[in-house]
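One letter stands for each residue in the lines below.
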Amino acid sequence: MPDKDEGKIARNYHLDVPQSGGGGFVVKGQDGCDWGTKNRLARMFDPKSGNTVMLAFDHGYIMGPTTGLERLDVAIPPLIPYVDVLMGTRGAFRACIPATVDKPVCLRVNYDSSVLYDDMSVGGGIACDIGNAVRMNASCLAVQTFIGATGEKNSLELLARTVDAGNDHGMPVLGVVAVGKQMERTEQFFLLATRILAENGANLVKTYYCDGFEHVTATCPVPIVIAGGKKLPEPEALTMAYRAIAEGARGVDMGRNIFQAQNPIAMCRAIAKVVHEGFTDKEALDYYNELLRT
Ligand code: R5P
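The numbering scheme is per chain: residues are counted from 1 as the chain's sequence reads. Two thresholds apply to this predicted model, a pLDDT of at least 70 for residue-level local features and 80 or more for giving and counting side-chain atom pairs, whereas whole-chain, interface and lining totals are computed over all residues. For side-chain calculations, the full set of non-hydrogen atoms in the structure is used, while hydrogens and water are omitted.

Student: Just to check I follow, could you spell out the sheet that holds strand β2 (residues 85-89) for this structure?
Tutor: Two strands in a sheet stick together by hydrogen bonds in their backbones, pointing the same way (parallel) or opposite ways (antiparallel). Only when DSSP finds a minimum of two bridges between them are two strands counted as paired. We count a stretch as a helix when DSSP gives it H or I for four or more residues in a row; a strand needs E for two or more, and each element gets its number in order from the N terminus. In spatial order, the strands read β1-β2-β3-β6-β7-β8-β9-β10; together these 8 strands close into a barrel with parallel pairing. Along the sheet, successive strands turn relative to each other by an average axial angle of 25°, direction set aside. When strand β6 (residues 140-145) meets strand β7 (residues 173-177), the two strands line up parallel, connected through 5 bridges. The residue of β7 that forms the bridge with L141 is V173. Across the sheet, helix α7 (residues 187-199) lies against β6, β7, β8 (204-207) and β9 (224-226), angled at about 155° from β7, the strand it touches most. Helix-sheet contacts for helix α11 (residues 264-277) involve β1 (52-56) and β10 (251-254), and the interaxial angle to β1 is about 145°. In this analysis, axes come from line fits to C-alpha atoms, helices being fitted only over the stretch in contact, and the angle between any two N-to-C directions falls in the range 0 to 180 degrees. Any pair of residues with heavy atoms lying within 4.5 Å of one another is described as a contacting pair.

Right under this line is the structure:
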């Protein structure tokens, strides 16, 4: 059985060797998937950059009306033209997002304990099954996982069963690495958690940025997108996005650092410059400030 402390000895991440294993499909590690799954992923990832800007507005499923999302119908629609993928819950899409929208939907399909619980990792389940996700015209299913927490077994079971259901329908699954109160935000934790999710079948993984992030992206055989976490000043959020992309992330799935920004549309556009056009954080900040002036 592998030793959980094995990471303390030297490892070779082969940072200069791109991952092999397929026929050149733009999304890392997905060449072996069926046509439907690849077609859905191809809608999410830009064919030129191979990256994606996902807008996360699913916070209400555990947090209630987060700052900036008091009114989903007011906050989200103006941002839609500037992002590649919309990530939210079935209830939010139905009530607040026009069905005429032409952006792929990443549907959060699990429920969890609310933030009022001491341990959010316990008690999760499936909130929207595969048939209803297809009915929502989803392009991807998102499942939260709690590695190293009480709810680890339950959340990995939910992930695995969702991957099975996704496979039956050509539907990719985003595995989300949760960081609850008890969970660390170290390279060691994210190395472990992202790899566990990928090996249990997630087609892409959402996690947080950390020191040593290039090791996390190198050892995860599927694309990683970063969550933004709590609101940072805009320059710091752009630097985090820049570093993540420079260190191998294939995009962002951000919420609060976009919809709580002074100008959310400008923030979406600045983040997209980093994700798709190779802007540095400084260039993106200049661009953001220029948009504020116009
Ligand atoms: C995660 O569980 C949340 O539901 C959000 O999807 C995620 O945290 C991304 O949003 P933020 O960038 O605000 O952290």
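Anyway, onward from the coordinates.
Student: Help me out: how do you make sense of unusual backbone geometry in this one?
Tutor: Backbone geometry follows two general trends: most residues other than glycine have a negative phi, and most peptide bonds adopt the trans configuration. Although it is not a glycine, H14 adopts a positive phi angle of roughly 50°. You can see H14 is positioned in the segment before α1 (35-44). Judged by relative accessible area, H14 falls into the partly exposed class, the value being 46%. With a phi angle near 60°, N137 is a residue other than glycine that sits in the positive phi range. Position of N137 relative to the elements: it lies in the loop between α5 (130-135) and β6. Only protein chains enter the calculation, and the probe is 1.4 Å; a residue is then buried if its accessible area is under 20% of its type maximum, exposed if over 50%, and partly exposed in between.

Keep in mind these values describe shape, not function.
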